[in-house]
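What follows is the residue order along each chain.
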Amino acid sequence: MEATKVDESFRFVIADNKEYKKKEVAFYCDGRNTYGNISKRTFARKIYEGDLSIYRRLETYTSTSPSMGGGMHTSSHTRVYDYIQKVGTSALLPLTYKNLKLNIKPNELGFDYLEKYKKTRIVGRAGFYEGIAMFVLGTQVMMNGANSNNDNKMNTGAAMFAVGFTSLITFPIILAVNHYKLYRAVKKHNGIVDNR
């Protein structure tokens, strides 16, 4: 249906002063942006259009913690949730490797990025868990060396601890950056060639 004015309230989408429950509206446009329904209760804004479109929902929340000078410190944080929608469907699915693999087939553009994402994820997770093991084991070896006044054990434990600590910092960064391959897969699938 067409309307001259469309708004969204806490519970309704309002088109020309007529209220529609959110669960009854799959998509709406307010004249500037298009919004898609997520789980029949909230909407995400379309940020990228193609055979696979991307929708984004921002969720802002506050947290309170004790401050160093006494009292409480309140800070505001924003989480980003991205979804994909295949042309011809109304479902918005979370932008994940699993959902993209259902929509980008092995012979289609963009699948190579999904393969790169999968390999990096496997290596990154393995490196992270090995880092935890090295961190814990290195701490134990170092403590045993200190208790027995064994410098070799202390040095070996310190080296293991350092490798583990470095892995615990490095591999989460690698996994976070790896997420961008999913966006590149969508863009390449839609015909935007990325030479990286």
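Everything that follows concerns the structure shown earlier in this document.
A. Expanded view of the pairing of strand S6 (residues 42-48). Sheet analysis places strand S5 (residues 34-38) next to S6, joined by four bridges and oriented antiparallel. Paired with Gly36 across the bridge in S6 is Ala44. If you look at the hairpin formed by S5 and S6, you'll find three residues sitting between the two strands, and Ser39 has a positive phi there, around 55°. The sheet contact formed by S6 and strand S7 (residues 52-66) spans three bridges and is antiparallel.

B. Region of interest: a positive patch on the surface. Taken together, the side chains of Arg11, Lys21, Lys23 and Lys40 make up a positively charged region of the molecular surface. By the secondary structure assignment, Lys21 is in strand S3 (residues 18-21).

C. Molecular detail of the packing of aromatic side chains. Enumeration over the complete set of coordinates arrives at eight aromatic pairs. Ring pairs connect the aromatic residues Tyr28, Tyr35 and Phe43, which therefore count as one cluster. Stacked on the ring of Tyr113, the Lys or Arg Lys116 has its end atom at 4.9 Å from the ring centre.

D. Region of the structure containing a nonpolar patch on the surface. Taken together, the side chains of Phe165, Ile169, Ile173, Val177 and Tyr180 present a nonpolar region at the surface, about 510 Å² in accessible area. Examining the composition of the nonpolar patch, we find that four residues originate from one element, helix H3 (residues 151-178), more than from any other. For Phe165, the location among the structural elements is in helix H3. When its relative accessible area of 43% is taken as the criterion, Phe165 is described as partly exposed.

E. Examining helix H2 (residues 111-147) more closely. Helix length check: H2, at 37 residues, gives a terminal C-alpha distance of 54 Å against a target of 54 Å (1.5 Å per residue), a fit within 8%. Looking at H2, one finds that the buried residues are Phe111, Tyr113, Leu114, Tyr117, Gly124, Gly127, Gly131, Gly138, Val141 and Gly145. Buried residues in H2 make contact with helix H1 (97-103), H3 and helix H4 (180-189). Taken from the residues just after H2, Asn149 is the one with a positive phi, measuring 50°.

F. Looking closely at the nonpolar core. Among the nonpolar cores identified, the biggest contains 16 residues, and Ile84, Leu100, Ile104, Leu114 and Val186 are the most heavily contacted of them. For this core, the elements supplying multiple residues, two or more each, are S7, H1, H2 and H4. The residues touching Ile84, leaving out its near neighbours within four places in the chain, are Leu52, Ser53, Ile54, Ala91, Leu92, Leu93, Pro94, Leu95, Asn99, Leu100, Asn103 and Val186. Formed by eight residues, the second largest nonpolar core is a distinct cluster that contains Ala15, Val25, Tyr28 and Tyr35.

Reading the values: the criteria
- Residues numbered from 1 in each chain as written.
- Predicted model: local features only at pLDDT ≥ 70, side-chain atom pairs only at ≥ 80, totals over all residues.
- Heavy atoms only, no water.
- Pairing = 2+ DSSP bridges.
- Helix = DSSP H or I, 4+ residues; strand = E, 2+ residues; numbered from the N terminus.
- Patch = residues over 30% accessible without salt bridge, like charges linked within 9 Å, V, L, I, M, F, W, Y side chains within 5 Å.
- Areas by Shrake-Rupley, 256 points an atom, 1.4 Å probe, with all protein chains shown as cover.
- Salt bridge = Lys/Arg side-chain N within 4 Å of Asp/Glu carboxyl O.
- Lys, Arg positive; Asp, Glu negative; His and termini not counted.
- Charge placed at Lys NZ, Arg CZ, Asp CG, Glu CD.
- Phe/Tyr/Trp six-rings, centres within 6.5 Å; stacked < 30°, edge-to-face > 60°.
- Lys NZ or Arg CZ within 6 Å of the ring centre and 35° of its normal.
- Buried < 20%, exposed > 50% of the residue type's maximum accessible area, 1.4 Å probe, protein only.
- Expected span 1.5 Å × (residues − 1).
- Contact = heavy atoms within 4.5 Å.
- Core = buried A, V, L, I, M, F, W, Y, C linked by side-chain atoms within 4.5 Å.

The analysis is restricted to geometry; functional conclusions fall outside its scope.
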